[in-house]
Amino acid sequence: SYLLIALSAAFLLIAIVMSGTGVTDAEVKGTVETNFQQLNAELRQLLTEMDDVAVALEASGAGVARVGPDRRIKRWDANCTRIFGYNSHEARSLLVEELMTEEFRGEHNARYHEAVGQGVAGTVHTIECDQALHKDGRRISLRLTLVALENGDAVALFYQIQSPSE
C-alpha cells in the first residue's frame with residue numbers, strides 16, 4: 001500500500017510538471033493511466049514471483065528469519081519454529097545470537113558483523129554451526145546463511161543438518 005501511495009504521488013508530480021509543457025490534460029491523464037497500469041501489472045507479477053519463492057523456500061525446509069541491525073529477530077517463519085522450537089512471538093523477543101551456545105556466541109557475532117556490518121547490500125556469508133540451540137536446550141547442527149539488506153537488516157536462512165542417526 002505504501003508503494004501505491006508513492007506511485008500515485010509520483011504520477012501526480014509528473015502530471016504537474018507536464019501541465020506546463022503544452023501537453024493537454026487528456027494526454028497527461030492518458031500517460032499517467034498507462035504508466036500506472038503497467039506498474040500495477042509489474043507489481044502483481046513481482047508479488048506472484050515472491051509467493052513462488054516463499055513456497056519453494058518453505059518446501060526446502062529452510063527456516064527464514066529477518067534480523068534487524070540490532071540483531072533482534074523481526075520475522076520468523078514456520079520452518080524456524082520447527083527447527084528451533086520458538087514460535088514467532090517468542091522469537092521476536094530474542095537476539096539472533098541467543099540461538100547459539102554461550103561458547104559460540106562470540107564467534108557467531110564476529111561472523112555476523114563480518115557479513116552484515118559492512119553495510120553492503122547483497123553480501124552473503126555462510127556459517128557451519130554445530131552449536132545452535134533448540135528451545136528445549138539440545139544442540140542443533142545447521143548451516144546459517146546471512147544476506148545483508150540495504151537498510152541494515154539481514155535475512156538469515158537456517159538449514160538444519162541432520163546426522164545419519166537422526
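This structure is a prediction, so every number in the text was calculated from the model and none was measured. (Residues numbered from 1 in each chain as written. Predicted model: local features only at pLDDT ≥ 70, side-chain atom pairs only at ≥ 80, totals over all residues. Heavy atoms only, no water.)

Engineer: Would you explain the overall build of the protein in this entry?
Structural biologist: When its secondary structure is counted, the protein shows 5 helices and 5 strands. The linear arrangement of helices and strands in the protein, starting from the amino end, is α-α-β-β-α-α-α-β-β-β. Taking all 166 residues of the protein together, 31% fall into the buried category. Contacts spanning at least 24 positions in sequence make up 45% of the contacts within the protein whose residues lie at least 6 apart. Carbon and sulfur atoms provide 56% of the accessible area of the protein, an area that totals close to 10,000 Å². (Helix = DSSP H or I, 4+ residues; strand = E, 2+ residues; numbered from the N terminus. Buried < 20%, exposed > 50% of the residue type's maximum accessible area, 1.4 Å probe, protein only. Contact = heavy atoms within 4.5 Å. Areas by Shrake-Rupley, 256 points an atom, 1.4 Å probe, with all protein chains shown as cover.)

Engineer: Can you walk me through the packing of aromatic side chains in this structure?
Structural biologist: How two aromatic rings sit relative to each other is set out by the distance from centre to centre and by the angle between their planes. What the rule picks out here adds up to 1 aromatic pair. Ring centres 5.5 Å apart and planes at 45° place the aromatic pair Trp-76 and Phe-84 in the tilted group. Accessibility classification places Trp-76 together with Phe-84 in one group, the buried group. (Phe/Tyr/Trp six-rings, centres within 6.5 Å; stacked < 30°, edge-to-face > 60°.)

Engineer: Would you mind going over a nonpolar patch on the surface with me for this structure?
Structural biologist: A contiguous nonpolar surface patch, about 280 Å² in accessible area, is contributed by Leu-46, Leu-47 and Met-50. Here Leu-47 lies in helix H2 (residues 25–60). Classification of Leu-47 by relative accessible area gives partly exposed; the value is 43%. (Patch = residues over 30% accessible without salt bridge, like charges linked within 9 Å, V, L, I, M, F, W, Y side chains within 5 Å. Salt bridge = Lys/Arg side-chain N within 4 Å of Asp/Glu carboxyl O.)

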